[in-house]
Amino acid sequence: MMLSADAQVWATVIAFVGLVIGCAGIIVPVLPGSLLNLAVLIGWGVAVNSTMGWACAAAGIVMTVIGITASWVLTGNRLKKLQVPNRVIAIAALSAVVGMFVLPGPGLLIGFVVGLFIAEWVRHSTAGEALQTTKGTLVAVGIGLGIELLCAGAAFVSLTVGTFLHFTTV
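Within any chain, residue numbers begin from 1 and follow the written order of that chain's sequence. In keeping with the predicted nature of the model, local features appear solely for residues at pLDDT of at least 70, side-chain atom pairs appear and are counted solely at 80 or more, and the whole-chain, interface and lining totals rest on all residues. Values reported for side chains reflect all heavy atoms of the structure, with hydrogen atoms and water molecules removed beforehand.

> So what exactly am I meant to see when it comes to the overall build of the protein here?
Helical segments are the DSSP runs of H or I of at least four residues, strand segments are the runs of E of at least two, and each set is numbered from the N terminus. Helix and strand counts for the protein stand at six helices and zero strands. Using C-alpha atoms as the atom set, the radius of gyration is obtained and then compared with a globule rule of 2.2 Å times the number of residues to the power 0.38. Computed over C-alpha atoms, the radius of gyration of the protein comes to 20 Å, more than 25% over the 15 Å expected from 2.2 N^0.38 for 170 residues, which places it beyond the range of a compact globule. Overall size of the protein, expressed as C-alpha extent along the three principal axes, is 65 × 30 × 20 Å. Two residues form a contact once any of their heavy atoms are found within 4.5 Å. Counting contacts in the protein only where the partners sit at least 6 residues apart, residues at least 24 apart contribute 61% of the total. Only the protein chains shown count as cover for residues, and all accessible areas are computed by the Shrake-Rupley method using a 1.4 Å probe. Carbon and sulfur atoms form 78% of the exposed surface of the protein, whose accessible area is close to 9400 Å².

Shown next, in the form of structure tokens:
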């Protein structure tokens, strides 16, 4: 089924807004992030239903999946080397959520860092060791988020190219 040109334009506008929200969700984990990007790219491919549209949507989907996978694998490997248990990350994530409500805006990051440090301090019994593993964990999480965001940017470029190719060849 082929949508009208107007409907395809609106689907494209919604897709771009969705990708921007998805990219924000990678940085602010309260939003769905990369999963939203996957849904948006699939939805846009269905909406425009052209060879060029599907090819560029598929390229964006592949980049998003690469970003998700690389983020999980690289972050997980670094945390494993640092011997940081999952419960410490869970405590940090819960602290981030609390921080977001206590101090809207920067509270998410502050809550994560404070929760991570306290959980590590309890685990190691010394502030020095806790500080070292906290730094290492923040680097690991930052690298993972950076790669995922970079791949989301590539998906955004793919949608841009797909939009240009679809609407100039229809």
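Read on, since the account is not over.
> Whenever I open this one, the state of the cysteines confuses me. Can you help?
Defined simply, a disulfide is a covalent bond joining two cysteines at their sulfur atoms. Any pair of cysteine sulfurs within 2.5 Å is marked as a disulfide. Under the defined criterion, the tally for this structure stands at zero disulfides. Distance from the sulfur of Cys-151, which forms no disulfide, to the nearest cysteine sulfur (Cys-23) is 11 Å.

> Sorry if this is basic, but what is going on with the packing of aromatic side chains here?
How two aromatic rings sit relative to each other is given by the distance of their centres and the angle of their planes. Think of it this way: a Phe, Tyr or Trp ring, Trp meaning its six-membered ring, pairs with another when their centres are within 6.5 Å, and the plane angle makes it stacked under 30 degrees, edge-to-face over 60, tilted otherwise. According to the stated counting rule, one finds two aromatic pairs in the structure shown. Ring geometry for Phe-117 versus Trp-121: centroids 5.4 Å apart, planes at 50 degrees, classification tilted. Of this pair, Phe-117 and Trp-121 both sit in helix α5 (residues 107–124), four residues apart, which is roughly one turn of that helix. Burial classes follow relative accessibility: with a 1.4 Å probe on protein chains only, a residue under 20% of its type's maximum area counts as buried, one over 50% as exposed, and anything between as partly exposed. Under the relative-accessibility criterion, Trp-121 is labelled partly exposed at 41%.

> Teacher, can you tell me more about the packing of helix α1 (residues 5–27) against helix α6 (residues 127–169) here?
When two helices pack together, their arrangement is given by the angle between their axes and by how far apart the axes lie. Working convention: axes come from line fits to C-alpha atoms, limited for helices to the stretch in contact. Angles between N-to-C directions cover 0 to 180 degrees. The interhelical angle for the contact between α1 and α6, taken along N-to-C directions, is 170 degrees, at an axis separation of 9 Å. What the angle tells us is that α1 and α6 run roughly antiparallel. Across the interface between the two elements, Gln-8, Val-9, Thr-12, Ala-15, Phe-16, Leu-19, Val-20, Cys-23, Ile-26 and Ile-27 of α1 pack against Leu-145, Glu-148, Leu-149, Ala-152, Ala-155, Phe-156, Leu-159, Thr-160, Thr-163, His-166 and Phe-167 of α6. Just so you know how the angles are binned, under 35 degrees is roughly parallel, over 145 roughly antiparallel, 65 to 115 roughly perpendicular, and the rest oblique.

> Hey, could you run me through the nonpolar core in this one?
The nonpolar side chains of soluble globular proteins are, as a tendency, buried together. If you look at the biggest cluster of nonpolar residues, it comprises eleven residues: Ala-15, Leu-19, Leu-38, Val-40, Leu-41, Trp-44, Val-48, Ala-57, Ile-61, Ala-155 and Leu-159. Elements with a minimum of two residues in this core: α1, α2 (34–48), α3 (51–82) and α6. Element by element, the count of residues in this core is highest for α2, at five residues. Excluding its chain neighbours within four sequence positions, the residues that come into contact with Trp-44 are Ala-11, Thr-12, Ala-15, Gly-53, Ala-57, Leu-159, Gly-162 and Thr-163. Within this scheme, the nonpolar core is defined by two criteria: the residues are buried Ala, Val, Leu, Ile, Met, Phe, Trp, Tyr or Cys, and they are joined through side-chain atoms within 4.5 Å.

> I'm lost on the side chain of Thr-137 in this one. Help?
Positionally, Thr-137 belongs in helix α6. Residue classification places Thr-137 among the buried residues on the basis of a relative accessible area of 0%. In this structure Thr-137 touches Leu-79, Leu-82, Val-84, Ile-89 and Leu-116, once residues within four positions along its chain are discounted.

> Looking at this model, I keep getting lost on the packing of α3 against α6. Mind explaining?
Two elements in contact, α3 and α6, have axes separated by 8 Å at closest approach and are oriented at 175 degrees. The pairing of α3 with α6 is recorded here as roughly antiparallel in orientation. For this scheme, ten residues count as nonpolar: Ala, Val, Leu, Ile, Met, Phe, Trp, Tyr, Cys and Pro. Four count as charged, namely Asp, Glu, Lys and Arg, and the remainder, Gly too, count as polar. Taken together, the residues that form the contact of α3 with α6 break down as 21 nonpolar, 13 polar and two charged.

> What am I meant to see in the pattern of salt bridges here?
Pairing is possible between side chains of opposite charge, provided their charged atoms come close. We count a salt bridge whenever a side-chain nitrogen from Lys or Arg sits within 4 Å of a carboxyl oxygen from Asp or Glu. In total, this model carries one salt bridge according to the counting rule given. For Glu-120, the salt bridge is made with Arg-123, and the minimal N-O distance between the two is 3.0 Å. Linking Glu-120 with Arg-123, this pair stays in helix α5, spanning three residues, or about one helical turn. Look at Arg-123 and you get partly exposed, because its relative accessible area is 27%.

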